[in-house]
Amino acid sequence: MKRTLAAAVLALGGLFAIGCQPPSHSLYTSPNRDFQCNVPWAWNVMYDSEGTHFTNLTFIGPFESEFYLGAPSFSVRWYTRYATHRLRDGMLEMYGSPEDFTNQTLDAVYGKERRMDRPVQDLAVEGRRFKYFVVVSAGPVQPGARWGTAVDGAGKVINPRKHAYAILPTPSGFYVLTYPATRQAYAKYETQFAALVNSFVPLKDGPGGAPLSPPSRSKPAQ
């Protein structure tokens, strides 16, 4: 597993003049140059990979006490179809399609007590077709976690998850764009996540794949 941490999405490149405001977003190109998207200005970036069959980029914002563990984030993951990926707990995951990923994730991660805030639906953006859904459920918490938690009706401390997913297929696999928020904090960066999805452009067929032809390579919205 390869892991790197970038100091920021985009360096400032100089001091702003007094009274000037930084932009709300910056155009980000992945390390493998396989996609571009707009992300919130100056959020940190964490990169993980297992070769080119699985990659994960997590964009991490400043401290917000209403988010679980105190930080808002977005992630962009790539899965090659039918390739296995080892999770941090040692278990393996493998998906054959966006539909397979969706079904396994809803059942294994969110369980039978989940509620679909937005059911699985098609989302068309500039000729690209995503699978999109928002799921709400009570999740486990790490020992000692204090930020973004809640107490359920039985007095148990939970992670009150409200997570959004946008899944975009390509010939060899698919990208999973995720906004893992809490119920109380979801609205804070809902618009920014929509900007990421709307601007997301795959440049190649995955991190190690061939370049994609237009219109898939149309320029993201600024």
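Our subject in this report is the structure included herewith. (Residues numbered from 1 in each chain as written. Predicted model: local features only at pLDDT ≥ 70, side-chain atom pairs only at ≥ 80, totals over all residues. Heavy atoms only, no water.)

1. A look at unusual backbone geometry
For step 1, the next point in the chain: The backbone of Leu69 sits at a positive phi, close to 65 degrees, despite the residue not being glycine.
For step 2, the next point in the chain: Relative to the assigned elements, Leu69 resides in the loop between β5 (54-60) and β6 (73-80).
For step 3, the next point in the chain: Judged by its relative accessible area of 45%, Leu69 falls in the partly exposed class.
For step 4, the next point in the chain: Within the chain, Tyr82 stands out as a residue other than glycine whose phi angle is a positive 65 degrees.
For step 5, the next point in the chain: Relative to the helices and strands, Tyr82 is located in the loop between β6 and β7 (85-86).
For step 6, the next point in the chain: Residue classification places Tyr82 among the exposed residues on the basis of a relative accessible area of 59%. (Helix = DSSP H or I, 4+ residues; strand = E, 2+ residues; numbered from the N terminus. Buried < 20%, exposed > 50% of the residue type's maximum accessible area, 1.4 Å probe, protein only.)

2. Details of the nonpolar core
For step 1, the next point in the chain: Phe59, Leu177, Tyr179 and Phe200 are the most contacted members of the largest nonpolar core, which has 31 residues in total.
For step 2, the next point in the chain: Of all elements in the fold, only β3 (35-40), β4 (44-50), β5, β6, β10 (128-139), β12 (157-169), β13 (173-182) and α2 (190-199) reach the threshold of two or more residues within this core.
For step 3, the next point in the chain: Of all the elements, β13 adds the most residues to this core, at four residues.
For step 4, the next point in the chain: In this view, Phe200 contacts Phe35, Gln36, Cys37, Val76, Arg128, Phe130, Leu168, Tyr175 and Leu177; residues no more than four positions away in its chain are not counted. (Core = buried A, V, L, I, M, F, W, Y, C linked by side-chain atoms within 4.5 Å. Contact = heavy atoms within 4.5 Å.)

3. Topic: the packing of aromatic side chains
For step 1, the next point in the chain: Scanning the entire structure with this criterion turns up 23 aromatic pairs.
For step 2, the next point in the chain: A ring pair is formed by Phe67 and Tyr189, whose centres lie 5.8 Å apart and whose planes are at 50 degrees; its orientation type is tilted. Placement of the pair is Phe67 in the loop between β5 and β6 and Tyr189 in the loop between β13 and α2, with a sequence separation of 122 residues.
For step 3, the next point in the chain: Since its relative accessible area comes to 1%, Phe67 is described here as buried. (Phe/Tyr/Trp six-rings, centres within 6.5 Å; stacked < 30°, edge-to-face > 60°.)

4. Structural notes on the sheet that holds β3
For step 1, the next point in the chain: Strand order across the open sheet formed by three strands is β2-β3-β14, with antiparallel pairing between neighbours. Whereas interior strands pair on both sides, the edge strands pair on one side only; in this sheet they are β2 (25-29) and β14 (201-202).
For step 2, the next point in the chain: Sheet topology note: the β3/β14 ladder contains two bridges and is antiparallel. The partner of Gln36 across the bridge, within β14, is Val201.
For step 3, the next point in the chain: Those strands touched by α2 are β2, β3 and β14, and its axis lies near 165 degrees from that of β3. (Pairing = 2+ DSSP bridges. Axes fitted to C-alpha atoms, helices over the stretch in contact; angles between N-to-C directions.)

Keep in mind that these numbers describe shape and distance, not what the molecule does.
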